[in-house]
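Architecture and fold: a report
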Amino acid sequence: MRKQTYSLLFALLLISMGSFAQTTISLQTDQAKTTISKEIYGHFAEHLGRCIYGGIFVGEDSDISNIQGYREDVMGALKDMHIPLLRWPGGCFADTYHWKDGIGPRQNRPSIVNVNWGGVTEDNSFGTHEFLNFCELIGAEPYVNINVGSGTVQEASEWVEYVTSSNVSPMTDLRKKNGREKPWDVKFWGIGNENWGCGGNMTPEYYADLYNRFATYCHGDLYRIAGGPNVADYNWMEVLMQKTTRHRHLVQGVSLHYYTFTTAWEDKGSATDFDEKGWFSVLNKTLRMDELITKHSAIMDKYDPEKKIGLIVDEWGDWFNVEEGTNPGFLYQQNTLRDALVAGINLNIFNNHSDRVKMANIAQMVNVLQSVILTKDDQMVLTPTYFVFKMYAVHQDAKLIPLNLNTEDYELDGKKIPAVSASASEKDGVVSVTLCNLNPNKSETVDFDISGMDFNTSSGEIITAENMNDYNDFDTKEKVTLKSFEVNKPKKGKLSIELPAKSVVLVQLQ
Ligand code: AHR
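It should be emphasised that the depicted structure is a prediction, and the values quoted were computed from it without experimental measurement. (Residues numbered from 1 in each chain as written. Predicted model: local features only at pLDDT ≥ 70, side-chain atom pairs only at ≥ 80, totals over all residues. Heavy atoms only, no water.)

1. Here's the deal with the site of the ligand
Rules: Any residue with a heavy atom positioned within 4 Å of a molecule or strand is treated as near that molecule or strand. Contacts described as polar in this section are N or O atom pairs within 3.5 Å, which, within protein, must combine one atom able to donate a hydrogen with one able to accept it, while residues neighboring in sequence count only if both atoms come from side chains. Only the protein chains shown count as cover for residues, and all accessible areas are computed by the Shrake-Rupley method using a 1.4 Å probe. For this classification, the nonpolar set comprises Ala, Val, Leu, Ile, Met, Phe, Trp, Tyr, Cys and Pro, the charged set comprises Asp, Glu, Lys and Arg, and every other residue, Gly included, is treated as polar.
Not every one of the 13 residues close to the ligand is listed here, only the nearest: Glu 46, Cys 92, Glu 194, Tyr 259 and Glu 315. The side chain of Glu 315 places a nitrogen or oxygen atom 2.8 Å from an oxygen atom of the ligand. Computed on the free molecule, the ligand has an accessible area of 280 Å², of which 93% lies beneath the protein chains in the complex. In the shell around the ligand, the residues fall into seven nonpolar, three polar and three charged.

This is how it looks when you write it as structure tokens:
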């Protein structure tokens, strides 16, 4: 009795000293019904800076080891990460892109100016064939974004025909002449990008009418994605849903763009040089994704209560100042442990909303914004964000396990955010839980309640580092990486783990 009183007093003392934190998670394994689309783990590659040229494609004559002109190291890393889907060619670039410039013999392709990104010359050596063949080689589904801003309906219609048709037509003849006999299997087509901004500065009413017109002539069994709102533009979502769902068969998805960046466009802060304030504010802004999805989904529910239309978050991620000495139009930034947390939190949010969120694409895959891969000449670095995608691959096409999460607050300067973010899924009898501890100062005791299933084995993985702004560079490639994490076997449906400060963790039970 006395011993119990002492331990209770000791626990109370620890709590009051703030060195002991407690989170409870109860997994509703009997409610695992919704599939987490593997496309939530999608990526985005735009003709921007060194994403395509230098990052993916170096050409057959390059000294850098390549297969058909594609970097061998990057291809290997993407396959290891289980990349399920890739969006191309933009972004803002998409609404300036005329696809016929990028087909046929390379020496005959015209050079154009990349007006959005640094005004550099685009020689069109990476075009439709190069993109679709690349997707085949890395085993990713392609997602092609059509030009609405400066393109025509005929151009869009012919692109779809060129790529997907097996009939006899001028476009299929042209494709065969250019060396591709069989059509490619391309389901996902975006119709315009950011049409409220770089994609034509349109009103939602005007864009929705244009969307209906373009979508009508993009023939086939396609997954058509309408250019949706920027951040919290709920009016855009309302008008778009109202006008496009009148022709329900023409809309399968609506996009949403939300980047995590500071409010000042001129100074977005450093990707690597930040203090705890910078850590807190970025994670706080990341959590806003949940509110945006909830509110946009509520509008979609009015027009599509059965949730048949996907919310496609086809641009998300951190956006900081470019690395010193690099072209400001190339958006090249480093990637720290903070970015790993941003990725982990966002992916947990997407998983937990997988009844509506059917795809998401981090911006961008290589050398641009929150990349999973950075390259310098023939060298390659895998960023902390890469390891999060690798770790979370277990959720792809798994069944979402709804959870009740009760967590402490992480508090700084009077502001509070939840200390722990989590999501869980089940696939082939394996339960996987991914957790982020947002607090950089305190570990968190997490108590799980997982009744209704028996487990024989348990394992775990962790991504963390000594400092919150640690990153991998070309001379220190392994500073932030995946390590194994010890997890005990649950006893009678109960399991407890100590979630280290500033970490992303995977717990697996079988
Ligand atoms: O990802 C960089 C740019 O951000 C994209 O081109 C555009 O769609 C967005 O504004």
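Once you've had a look at it, read on.
2. Describing the sheet that holds strand 12 (residues 310–318)
Going by this rule: Strands pair, by our definition, only if DSSP identifies at least two bridges between them. Strands here are runs of E lasting at least two residues and helices are runs of H or I lasting at least four, both read from the DSSP assignment and numbered beginning at the N terminus. Orientation is described by lines fitted to C-alpha atoms, with helices fitted over the stretch in contact, and by angles between N-to-C directions that extend from 0 to 180 degrees. Any pair of residues with heavy atoms lying within 4.5 Å of one another is described as a contacting pair.
Spatially, eight strands are ordered 2-5-8-9-10-11-12-13 in a closed barrel, and the strand pairing comes out parallel. The average angle at which neighbouring strand axes cross in this sheet is 30°, direction not considered. Contacting strand 5 (85–88) and strand 8 (141–146), helix 3 (residues 128–138) runs over the sheet at an angle of about 150° to strand 8. Along the sheet, helix 6 (residues 204–217) contacts strand 8, strand 9 (188–191) and strand 10 (223–226); its crossing angle with strand 10, the most-contacted strand, is approximately 160°.

3. A word on the pattern of salt bridges
Proximity of charged atoms lets side chains of opposite charge pair with each other. Quick reminder of the rule: Any carboxyl oxygen of Asp or Glu that lies within 4 Å of a side-chain nitrogen of Lys or Arg is treated as forming a salt bridge with it. Think of it in three bands: with a 1.4 Å probe and only protein chains considered, a residue is buried below 20% of the maximum accessible area for its type, exposed above 50%, and partly exposed in between.
Tallied over the full model, the rule gives 22 salt bridges. For Glu 39, the salt bridge identified is with Lys 38, shortest N-O distance 3.2 Å. Among the residues examined, Glu 39 registers a relative accessible area of 10% and is labelled buried. Taking relative accessible area as the criterion, Lys 38 reaches 24% and is therefore assigned partly exposed. Notably, a salt bridge pairs Glu 238 with Lys 302, separated by 2.9 Å at the nearest N-O pair. On the criterion of sequence distance, the pair formed by Glu 238 in helix 7 (residues 234–244) and Lys 302 in helix 8 (residues 276–303) is long-range, its members being 64 residues apart. Linked by salt bridges that have partners in common, Asp 301, Asp 304, Lys 307, Asp 355 and Arg 356 make up one network.

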